[in-house]
Amino acid sequence: MATVIKQYSWRMMYAKDEAEFEQLLSEMTAKAKGLGYDEVLKWNIEHAKEVYEFLKKNN
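Residues numbered from 1 in each chain as written. Predicted model: local features only at pLDDT ≥ 70, side-chain atom pairs only at ≥ 80, totals over all residues. Heavy atoms only, no water.

Asks: A description of helix H2 (residues 18-34) should follow, citing residues and the corresponding values.
Replies: Here H2 is 17 residues long and its end C-alpha atoms lie 24 Å apart, about the 24 Å a rise of 1.5 Å per residue gives. Within H2, burial applies to Leu 24, Met 28 and Ala 32. End-on, the buried residues of H2 take up no more than an arc of 65 degrees, which puts them together on one face. Along H2, the residues that are exposed and aim more than 90 degrees away from the buried face are Ala 19, Ala 30 and Gly 34. Against helix H1 (2-13) and helix H3 (37-57) lie the buried residues of H2. Gly 36 lies just past H2 and shows a positive phi near 100 degrees. (Helix = DSSP H or I, 4+ residues; strand = E, 2+ residues; numbered from the N terminus. Expected span 1.5 Å × (residues − 1). Buried < 20%, exposed > 50% of the residue type's maximum accessible area, 1.4 Å probe, protein only. Arc of directions from axis to C-beta. Contact = heavy atoms within 4.5 Å.)

Asks: Just give me the short version of the environment of Leu 41, but keep the residues and values in it.
Replies: Considering the arrangement of structural elements, one finds Leu 41 in helix H3. Note on Leu 41: relative accessible area 36%, which makes it partly exposed. Taking the C-alpha atoms as reference, Leu 41 lies 19 Å from Gln 7; in sequence the two are 34 residues apart.

Asks: Describe in detail the packing of H1 against H2, supporting the description with residues and values.
Replies: The angle between the axes and the distance between the axes are what describe a pair of packed helices. Packing of H1 against H2 leaves a shortest axis separation of 9 Å and a crossing angle of 175 degrees. With respect to their mutual orientation, H1 and H2 come out roughly antiparallel. Here Val 4, Ile 5, Tyr 8, Ser 9, Arg 11 and Met 12 of H1 lie close against H2, whose contacting residues are Phe 21, Leu 24, Leu 25, Glu 27, Met 28, Lys 31 and Ala 32. Classifying every residue of the contact of H1 with H2 gives nine nonpolar, one polar and three charged. (Axes fitted to C-alpha atoms, helices over the stretch in contact; angles between N-to-C directions. Parallel < 35°, antiparallel > 145°, perpendicular 65-115°, else oblique. Nonpolar A, V, L, I, M, F, W, Y, C, P; charged D, E, K, R; others polar.)

Asks: How would you summarise a nonpolar patch on the surface if you had to cite specific residues and measurements?
Replies: A cluster of nonpolar residues, Trp 10, Met 13 and Tyr 14, forms a patch on the protein surface that exposes about 440 Å² of accessible area. Mapped onto the secondary structure, Tyr 14 falls in the loop between H1 and H2. With relative accessibility at 63%, the residue Tyr 14 sits in the exposed group. (Patch = residues over 30% accessible without salt bridge, like charges linked within 9 Å, V, L, I, M, F, W, Y side chains within 5 Å. Areas by Shrake-Rupley, 256 points an atom, 1.4 Å probe, with all protein chains shown as cover. Salt bridge = Lys/Arg side-chain N within 4 Å of Asp/Glu carboxyl O.)

Take a look at the structure:
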């Protein structure tokens, strides 16, 4: 997944116009979601909340 995001990010930086940028963004989003991006994001958010609560109680 990280490879897809890195490759598309670089291609988006050098897009010839906004239409190409938007097309690349759409492709990158679809591929990342297909590789489980939403599940990874959900896990990271849940973990961050746990860490926050732990730190809040222990400071």
